Amino acid sequence: MKRMIGLTAAVCALSMLAGCSGDTASESTIGVAIYKYDDSFMTGVRNQIQKSAVDGEYKVDIVDSENKQTVQNDKVDLFLTKKYPALAINPVDRTAAGTLIDKCKNANTPVVFVNREPLAEDMKKWDKVYYVGAKAEQSGEIQGKMIAAWWEKNKASGGDRNGNGLLDYVMLTGEIGHQDATLRTEYAIKTLTQEGVRVSKLAEQTANWNRNEGQSVLETILNAGTNAKDVDVVFANNDDMALGAIEALKAAGFFGDDKSKYVPVVGVDATGAGKEAIKNGTMYGTAYNDAINQGKAAYELAAILAKGETPGADNFEYQVTDGRYVWIDYKEVTRENVDSLQ
Ligand code: GAL
């Protein structure tokens, strides 16, 4: 008997080294790959996943994909070799999710995608594939409604800075190909038009979700032609780019004593720095992108799948739409309600 126990222990130790299914540490760990760590909003989601794991049944092994799909593919391969029972992936390139789904399906490892939505046809490749995110259209609508109301109130009293009757706008977009960049841009403008606002696009350019790029892109735009005189509003697909835009506007004399040099700047996310800018009056508003609930839902869903269960009303506090999507709502944030946000 004693010998048998000894033998079992030796086999266990060996299989742990090999990372095979006898590895209990692996069995209780969810592998999480983030597209890159240096991203304000995704840092919020990542921190929440970490926090959920502290009280949860599963540990997390979170890795930085360094904004390179090849790096992420390698990290996912490693997770699968370690036989983690479920993964949560924030893809670098959402069109590469299909390949990741194939890998997970081959290993029979359920996967939850977060924040960067795989293409619909890829989501349908397997029934153990889920997505947790927010409906990008909704954030665009929130921005559009906010600015339509502002325009209605201010256009006759200096808001229409060049008096042409049109809302002259600049749009800073996120990464090309990201569903949030495409849909936020489209729906912000669509909503304004539906509200009866006549718009004129001065410029639209990507700044890759990035604050410094937002600043330099807007600097260039403000220096071109009569843009600095014409601009009535700056839309940014996220707060970081909005904050960069505010710096460029400040350098061009906006937000000072000269009241003719004011334009509302709107973002998306409600990051800490974004909320501060709303409080100090430089950022007009934002759409709260709920990192807490996205992180929590992703962790809880992955944990349910890791146990081999299917999410439903009895084991999951979020609603699952079409059997695979968890949608977390955006919320309008302005000076009026910014203090009530967490
Ligand atoms: C968006 C967010 C951006 C950026 C991006 C990364 O939802 O608004 O700030 O984090 O995701 O994929």
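Residues numbered from 1 in each chain as written. Predicted model: local features only at pLDDT ≥ 70, side-chain atom pairs only at ≥ 80, totals over all residues. Heavy atoms only, no water.

Tell me what's going on with unusual backbone geometry, and back it up with residues and numbers.
Although it is not a glycine, Glu-66 sits at a positive phi angle of roughly 50°. Within the secondary structure, Glu-66 sits in the loop between β2 (59–64) and α4 (69–81). A relative accessible area of 43% means that Glu-66 is categorised as partly exposed. A positive phi angle, close to 55°, is found at Asn-108, a residue other than glycine. Counting through the fold element by element, Asn-108 comes out in the loop between α5 (97–107) and β4 (111–114). (Helix = DSSP H or I, 4+ residues; strand = E, 2+ residues; numbered from the N terminus. Buried < 20%, exposed > 50% of the residue type's maximum accessible area, 1.4 Å probe, protein only.)

I'd like a description of the pattern of salt bridges, backed by residues and values.
According to the stated counting rule, one finds 15 salt bridges in the structure shown. Between Arg-116 and Glu-175 there is a salt bridge; the shortest N-O distance is 2.7 Å. Of this pair, Arg-116 sits in the loop between β4 and α6 (120–123) while Glu-175 sits in the loop between β6 (167–173) and α8 (179–194), and the two are 59 residues apart along the sequence. Taken as a pair, Arg-116 and Glu-175 share a single burial class, namely buried. Residue Lys-279 is joined to Asp-339 by a salt bridge in which the shortest nitrogen-to-oxygen separation is 3.7 Å. You can see Lys-279 sitting in helix α12 (residues 272–279) and its partner Asp-339 sitting in the segment after β12 (331–334), a full 60 residues away along the chain. Residue classification places Asp-339 among the exposed residues on the basis of a relative accessible area of 60%. (Salt bridge = Lys/Arg side-chain N within 4 Å of Asp/Glu carboxyl O.)

Spatial relationships are all this shows, so hold off on functional conclusions.
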